[in-house]
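Below, each chain spelled out in residue letters.
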Amino acid sequence: MPNPIKNAAAIERDRSALFSAMLQALSAVPADAGAYGFLNALCQSILDNNSTLKWAWYAFQAPGKPLRPYHELGIQHHPDILENPQDPCYQVLSSNTAMTYSLDNPDCPKWLLPLRKQLSEIILVPFGIEGQKALGVVGSSESCYFEQVGTEFFSAFAYMGDMIMSLQQHARRDPLTGLYNRMELDDRLEQALHTADQRLLAVAMLDLDNFKEINEKLGRLAGDQILVEFSQRIQKSLRSHDIIFRMGGDEFVLLIENLERWADLEVVMERIRMTLDRAFTVNQSELRIQVSIGVTVYPLDDGKARDIIHHADLALHQAKRHKTAQFYTLYDPSSFYDPKTPQIIARQQRFRALLAEHVVTLYQPIIHTPSGRIHELEALARLEENGILLETGEFLPWLAAEDRRKLSCTVLEQAARQWRLWQDAGQSVSIAVNFEPQDLLLEEVIQSIENTLLRFQMPAGQLIIEVLEGDEFLDYASAKAQLGRLKELGVRIALDDLGTAYASLLRLKDYPFDAVKLDQAFSRHLEKRPRDLHFLASMLEMANGLGVELIVEGIENAEVFSAVTALGIRQVQGYAISRPISVGEISQRFLGQQISMQSSSSSLLVSFARFLVLAKGLRAVLQSMPQSINVQLTCDNLSCPLYPLMNIIPSLREQRAQLQQVIADIVGNHLSSEYSMEIYDHLTANILNAMAAHITAQS
């Protein structure tokens, strides 16, 4: 890169541009945007105000993980910077001192080498607060740029980043308990409502009964001690992704997300009840604390964020006015929840009465992608009322645990009876039935499953029990034994909605699951989030390693269907194939039929999936047997998923040529294996990022 000798006026213009960038970033970002908003604006403003600066990003250090640029602007390099004491990034983080680094340095790390044609030097600036180390990086196309304009400008940027982070931290934290406050609740609740999809989201408001009297009797310091311990106990009772906020005084709010069914909320509330049953020790004496809790649940309470908080508050005041045996009070727009109110009793009795003779079982096909045939159906419950089929979300929240168990057994019986009719007609298909995890711990349920199989002479291998994963199910000592009993019968077992309790992934190998169903949150909107295909590919590798089948739910259009099929996923389910439908429609449209569903051959999403698979497979061969690769055939235009896209995404032309050269160099043993694989990984990542960016921009 050229090293121009600048006069004082030019240097002053550069300094002025940097100062202008700082002011623009401060003025352009709303006061409540926080540290991320400011840092993002700062990176953008730095590049906008100076043509010499070509690259800007920042990263946060996490133990055991490589540094990855956050909000990378200008050059799109996307490095993964592995921890190394000699690496300039880690030198800066360790010394907490800014550094300029020339890319001509003979010890330049490998992750920087590809940038030598575009950059001469970079400046690395450390910042962060409360143990959170962060790093800002800016790249210049001119050497000595940072020395000429002065590194103090960039240190000032880091100082401002610290200041903004600190202000946000203090503004959104309660100083006594360290919990998030009301300002943070508003943001978190908005985000939770946006991502709730078909899940339940509970907002619970709590306060301590007679806390004012406790403060007056024991003193404010003792009261503060109680509030701190109270918040710590509640926090330990929640699941890892639930959050507790302090609103002020003795009032707290819980944000309980990702609830599959009403029973999940009951489990959380029971944990809270049990932890609060224990006495608090204050001034060497024991004190028992009573609380009032008001709860509202989205989408039953389908309001705006502030309305939902208000409704939880209304339910809290109702709980304080009318103490009942119920641990919490539920907000209902027509009647606050009280087991004795006529409205609630009538609603419960209405649905319970329908369970007797009005359960209708619909079936949703699961397609085997290699053959295009339906080998499996999922049985799904509906309640019929006045000729209308009610969805599960309309009645399940109002059913008690024994009623939900009865519903599952009824669906099993209807499915087994229908299986027998299909079998007698010469149509063979497996059927999956959902059971709540706690139901499978009961002897009566296991016996009911066995008796149903015998009564309809249904081979156990044709039945799949889908375990609706709960946070605690795999923690029970008896869970493994009961699942083992089902396996002894020959019943297949699938873990449903894999991903809602991620910790259980580590224990899948210890349980006798035949299949796992991936939560549809990971497959919905793939056409807008193509990078999620990386996750699906990883889950497929995990399932294959465990010897279980992966079923991907939530496939909603032909393009997504083709993309996941290109990944090698063998079983999929979703509206792209069919909604849950009646027995007659299943027989007419699916059983014995071959399903054809292909998206456009020029689909970018499908090409992304195909290249992802190709890149992974080719990498494995290049590492183990590079001499077996025929470079000409491998990079042939007809077989390369990138070739049809080069006119759509012009940058792919050069990247594809570079990748072909690297493959040839590896096969010809012209590069060291370690260095060549780094270049290969870098090029394939850049290609996938370019494709993903184009897909996202079009959506």
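Residues numbered from 1 in each chain as written. Predicted model: local features only at pLDDT ≥ 70, side-chain atom pairs only at ≥ 80, totals over all residues. Heavy atoms only, no water.

**Focus: the side chain of Glu121**
So, step 1. Following the sequence through the fold, Glu121 ends up in strand S4 (residues 121-129).
So, step 2. On the accessibility criterion, Glu121 (8% relative accessible area) is buried.
So, step 3. A distance of 2.7 Å separates a polar side-chain atom of Glu121 from the backbone nitrogen of Tyr145.
So, step 4. For Glu121, the residues in contact, after removing those within four places along its chain, are Tyr101, Ser102, Leu103, Val138, Gly139, Ser140, Glu142, Ser143, Cys144, Tyr145 and Phe146. (Helix = DSSP H or I, 4+ residues; strand = E, 2+ residues; numbered from the N terminus. Buried < 20%, exposed > 50% of the residue type's maximum accessible area, 1.4 Å probe, protein only. Polar contact = N/O pair within 3.5 Å; in protein donor to acceptor, adjacent residues only side chain to side chain. Contact = heavy atoms within 4.5 Å.)

**Some details on helix H14 (residues 443-455)**
Given 3.6 residues per turn, any residue in an α-helix points the same way as the ones three and four places further on.
So, step 1. Over its 13 residues, H14 runs 18 Å from end to end, which matches the ideal 18 Å to within 8%, given 1.5 Å per residue.
So, step 2. For H14, every residue scored as buried is listed here: Val445, Ile446, Ile449, Thr452 and Leu453. An end-on view of H14 places all buried positions within 125 degrees of arc, on one side of the element. Facing away from the buried side of H14 by over 90 degrees, the exposed positions are Glu444 and Leu454.
So, step 3. Positive backbone phi, approximately 50 degrees, marks Gln457, located one or two places after H14. (Expected span 1.5 Å × (residues − 1). Arc of directions from axis to C-beta.)

**Description of the pairing of strand S20 (residues 549-552)**
So, step 1. Examined bridge by bridge, strand S19 (residues 515-518) and S20 share 4 bridges and lie parallel to one another. Note that in S20 the partner of Val516 across the bridge is Leu550.
So, step 2. Pairing of S20 with strand S21 (residues 571-572), which is carried by 2 bridges, proceeds in the parallel orientation. Paired with Val552 across the strands is Val572, a residue of S21. (Pairing = 2+ DSSP bridges.)

**A short note on the confidence of the model for the protein chain**
So, step 1. Looking at the protein chain as a whole, its pLDDT mean stands at 82, while 85% of the residues score no less than 70.
So, step 2. Scored below 50 in pLDDT, residues 500-504 shows 10 contacts in the model against residues more than four places distant or in partner chains. (pLDDT = per-residue confidence, 0-100.)

**Side note on the packing of helix H17 (residues 558-567) against helix H19 (residues 604-624)**
So, step 1. The contact between H17 and H19 brings their axes to 8 Å, and the two run at 10 degrees. The orientation of H17 relative to H19 falls into the category roughly parallel. The residues of H19 that touch H17, namely those facing Glu559, Val560, Ser562, Ala563, Ala566 and Leu567, are Leu604, Leu605, Val606, Ala609, Arg610, Leu612 and Val613.
So, step 2. Across the contact of H17 with H19, the residue classes tally to 10 nonpolar, 1 polar and 2 charged. (Axes fitted to C-alpha atoms, helices over the stretch in contact; angles between N-to-C directions. Parallel < 35°, antiparallel > 145°, perpendicular 65-115°, else oblique. Nonpolar A, V, L, I, M, F, W, Y, C, P; charged D, E, K, R; others polar.)

**Some points on the environment of Gln482**
So, step 1. Tracing the backbone shows Gln482 in helix H15 (residues 477-489).
So, step 2. A residue is classified by how much of its surface remains accessible, and Gln482, at 11% relative accessible area, is buried.
So, step 3. Spatially, the C-alpha atoms of Gln482 and Leu442 are 8.5 Å apart, while their sequence positions differ by 40 residues.
So, step 4. What Gln482 contacts, discounting residues up to four positions off in sequence, is Leu440, Leu441, Leu442, Glu443 and Ile446.
So, step 5. In terms of polar contacts, Gln482 uses its side chain to reach the backbone carbonyl oxygen of Leu440, at 3.4 Å.

**Some thoughts on the packing of aromatic side chains**
So, step 1. Counted by the stated rule, this structure contains 6 aromatic pairs.
So, step 2. Each ring, one from Tyr180 and one from Phe245, has its centre 6.3 Å from the other, and the planes form 40 degrees; the classification is tilted. Taken together, the residues Tyr180 in the loop between helix H5 (152-171) and helix H6 (182-195) and Phe245 in strand S7 (residues 243-248) connect sequence positions 65 residues apart.
So, step 3. Summarising the aromatic geometry, the rings of Phe351 and Phe395 are spaced 6.5 Å apart at their centres and angled 50 degrees between planes, so their arrangement reads as tilted. (Phe/Tyr/Trp six-rings, centres within 6.5 Å; stacked < 30°, edge-to-face > 60°.)

**Focus on the packing of helix H7 (residues 211-218) against helix H8 (residues 220-237)**
So, step 1. Two numbers describe how H7 lies on H8: the axes approach to 6 Å, and their chain directions differ by 135 degrees. When the interaxial angle is binned, H7 and H8 end up oblique. Contacts between H7 and H8 pair Phe211, Ile214, Asn215 and Leu218 from the former with Arg220, Ala222, Gly223, Ile226 and Leu227 from the latter.
So, step 2. Residue composition of the contact of H7 with H8, by class: 6 nonpolar, 2 polar and 1 charged.

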